[in-house]
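# Observations on the three-dimensional arrangement
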Amino acid sequence: MPVAPPSPLLKRLPPGAWVVLAWFGGMAFTFLMRLQLPGEWYPAARPAAQFFRWDGLVNMAMATALALACGALLRRRPVPALVLVLAASALGTLPLGEAEIPLAQFLAAEVAVFFIAAERPRGTGLAAVVMAIATLGGYLAVRLLCGWPIGVSSETAVALTTVIAWLLGDSVRESREHAEELRARAAAQAVSDERLRIARDLHDMVAHSIGVIALQAGAARRVIDTRPERARDALGEIETAGRQTLSGLRRMLGGLRGSEQGRPASPGALETASLERGSGLADVDRLAAATTQAGVRVDVRRLGEPRPLPPEIDVSAYRIVQEAVTNVVRHAGTASCRVSIDYRDDEVRIEVLDDGRGGDTGGGYGLIGMRERVGVLHGTFAAGPRPEGGFRVEARLPVPAGVR
């Protein structure tokens, strides 16, 4: 059964606001309990003599001011904020004539304990729950020393709910840390997978280049005596292929040896238009046609003068386009997208635009996989929602001076 997403209100309200709401909710409950509501013969709780007097109202006002101060400080200074709301609980109980701090007055403190346990280290959460229980015990001890009756049973119940609030907050913290650990492991594994894909592309590039060199060398050997000019041309092509291959190796191996960034990789190529490894920008039209047949129209626009690119740049540029189109098909919820390939003097710029939802991209692995490829080639990468709606992916891949 699908779970409904959290309300935007729940996302926007900070922890301090929940503490303040809990305080005013407890105050409202306290007043209602001491009024004769419709259908009742008498109030559920008898008000103390000072409850509606000026001194009791002043105590309530001072306690409310402390609770508001706690709400303002909770995120920045949680322990001092907890001290304020605990003091508010004790001060707000004085006009009630109760033998213990009631749950309604302690509800805001329990909410504060929950958020401290959920968002702070475990030691801080433990300190918070100990302070809260100590406040309850201290209130009873003061009344006992003064010779007044105490409500041990009721206060034990309040202490129990406080411990439950801490347990819930600690469980939330542990779940978040576990999820972060799983994401980190998945990111590390995904980076390894993406780099293996890059290594396979690199293997294909080197194998192709070595094959060309072997063919040219064989041709030169056969004609070196009879057609020296043809042998000279073959040796020149060998030199060019060798230099380009070495240059590509240096660039890609330099990126692969770089420091780990903990970035996850692409989950895979587009199943509806998967092509053989080693494809380049010349195959983008085939990718667009296959994707269009699958139901998402891809408009391809080329700017500048198309020219041959180093194999590692050509393959990576194609993979970036492929993965960006994959995200459009899977997650954008739109019927079309636009791919722009701009051949500039010193770089190739790839841009993929769509008019879809502009948000979720399936966990972000595809985007960060593209970033991994661009980083290996020392380029720049940007991706995010567009102000006018939709999503935009842009990659800039520098082209070495020798092949411009």
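Residues numbered from 1 in each chain as written. Predicted model: local features only at pLDDT ≥ 70, side-chain atom pairs only at ≥ 80, totals over all residues. Heavy atoms only, no water.

## Remarks on the pairing of strand E5 (residues 391-398)
This is how it is decided: Note on pairing: DSSP must find at least two bridges between two strands before they are called paired. Secondary structure elements are taken from DSSP: a helix is a run of H or I of four residues or more, a strand is a run of E of two residues or more, and numbering for both begins at the N terminus.
As defined by bridge partners, strand E3 (residues 347-354) adjoins E5 across eight bridges and the pair is classed as antiparallel. Within E5, the residue paired with Ile350 across the bridge is Ala395. Here six bridges tie strand E4 (residues 380-385) to E5, and the two strands are oriented antiparallel to one another. Note that in E5 the partner of Gly384 across the bridge is Arg392. Between E4 and E5, which pair antiparallel in sequence order, lie five residues; one of them, Gly389, sits at a positive phi of approximately 110°.

## So, the sheet that holds E5
For clarity, the cut-off: Here an angle of 0 to 180 degrees is reported between the N-to-C directions of two axes, which are lines fitted to C-alpha atoms, with helices fitted over the stretch in contact. We call two residues in contact whenever any of their non-hydrogen atoms come within 4.5 Å of each other.
Strands sit in the order E1-E2-E3-E5-E4 across an open sheet of five strands; the sheet is mixed. Of all the strands in the sheet, the pair left with one neighbour each is strand E1 (297-304) and E4. Each neighbouring strand pair of the sheet contributes to a mean axis angle of 10°, computed without reference to strand direction. Alignment of strand E2 (residues 336-343) against E3, held across seven bridges, turns out to be antiparallel. Along E3, the bridge assignment pairs Tyr343 with Val348. Set on the sheet, helix H10 (residues 311-332) makes contact with E1, E2, E3 and E5; between it and E3 the angle comes to about 10°.

## A closer look at the nonpolar core
Put simply, the rule is: Take the buried residues of types Ala, Val, Leu, Ile, Met, Phe, Trp, Tyr and Cys, join any two whose side-chain atoms come within 4.5 Å, and each joined set is a nonpolar core. To sort residues, take the accessible area from a 1.4 Å probe on protein chains only and compare it with the maximum for the residue type: under 20% means buried, over 50% means exposed, and anything in between is partly exposed.
Val19, Trp23, Leu74, Leu82, Val85 and Phe106 are the most contacted members of the largest nonpolar core, which has 35 residues in total. Mapped by element, the contributors of at least two residues to this core are helix H2 (15-33), helix H3 (54-73), helix H4 (78-93), helix H5 (103-119), helix H6 (122-145) and helix H7 (152-223). For this core, the leading source of residues is H5, giving nine residues. Setting aside residues up to four positions removed in sequence, Phe106 forms contacts with Leu86, Ser89, Ile101, Ala132, Leu136, Val158 and Thr162. Leu281, Val339, Phe391 and Val393 belong to the second-largest nonpolar core, a separate cluster that totals 33 residues.

## Here we look at the UniProt feature "transmembrane region" (unreviewed entry) in the protein chain
Cut-off, in case you're wondering: UniProt positions are given in the numbering used here, feature names are shortened, and annotations may be inferred rather than shown by experiment.
Under the UniProt annotation, "transmembrane region" (unreviewed entry) lies at residues 16-37, 57-74, 81-97, 103-118 and 125-142. Secondary structure over residues 16-37 splits into 82% helix and 0% strand, and the C-alpha atoms at its two ends are 31 Å apart. Helix makes up 100% of residues 125-142 and strand 0%, whereas the separation of the span's terminal C-alpha atoms amounts to 26 Å.

## What about the confidence of the model for the protein chain?
The predicted coordinates should not be examined in detail at positions where pLDDT is low. How we decide: Residue-level confidence of the predictor is summarised by pLDDT, bounded by 0 at the bottom and 100 at the top.
Here the protein chain averages 79 in pLDDT, while 81% of its residues score no lower than 70. Ranking the elements of the protein chain by mean pLDDT puts helix H1 (residues 8-12) last with 54 and H5 first with 93. pLDDT under 50 marks residues 1-10. Its contacts with residues more than four places away, or in other chains, come to two contacts. A low-confidence stretch, residues 259-277 stays under pLDDT 50, and its non-local contacts, those more than four residues away or across chains, total 62 contacts.

## Looking at H10
This is how the line gets drawn: Each residue after the first adds 1.5 Å to the expected span of a helix.
Over its 22 residues, H10 extends 30 Å from the first C-alpha to the last, a length consistent with the 32 Å expected when each residue adds 1.5 Å. A positive backbone phi angle near 70° is found at Gly333, which sits one or two residues after H10.

## Topic: the pattern of salt bridges
Rules: Salt bridges are identified by distance alone: a Lys or Arg side-chain nitrogen within 4 Å of an Asp or Glu carboxyl oxygen.
Summed over all chains, the structure comprises 18 salt bridges. Here Glu347 and Arg344 are joined by a salt bridge, their closest N and O atoms 3.3 Å apart. Measuring nitrogen to oxygen at the nearest pair gives 2.6 Å for the salt bridge that ties Arg349 to Glu394. With Arg349 in strand E3 and Glu394 in strand E5, this residue pair connects regions lying 45 residues apart in the sequence. According to the relative accessible area criterion, Glu394 is buried, its value standing at 10%.

## Quick word on the packing of aromatic side chains
The following threshold applies: Note on aromatic pairs: the rings of Phe, Tyr and Trp (six-membered ring only in Trp) are paired at centre separations within 6.5 Å, and the planes decide the class, stacked below 30 degrees, edge-to-face beyond 60, tilted for the rest.
Under the criterion given, the structure shown has one aromatic pair. When the centroid spacing of 5.2 Å and the interplanar angle of 75° are considered together, the rings of Phe114 and Phe115 count as edge-to-face. Accessibility expressed as a relative area gives 17% for Phe115, which makes it buried.

## Digging into the side chain of Thr93
One can find Thr93 in helix H4. Contact partners of Thr93, with chain neighbours within four places excluded, come to Glu98, Glu100, Ile101, Pro102, Gln105 and Tyr139.

## Considering the side chain of Ser316
Within the element layout of this structure, Ser316 appears in helix H10. Using a relative accessible area of 2% as the deciding quantity, one classes Ser316 as buried. Those residues in contact with Ser316, other than ones at most four positions away along the chain, are Arg373 and Leu377.

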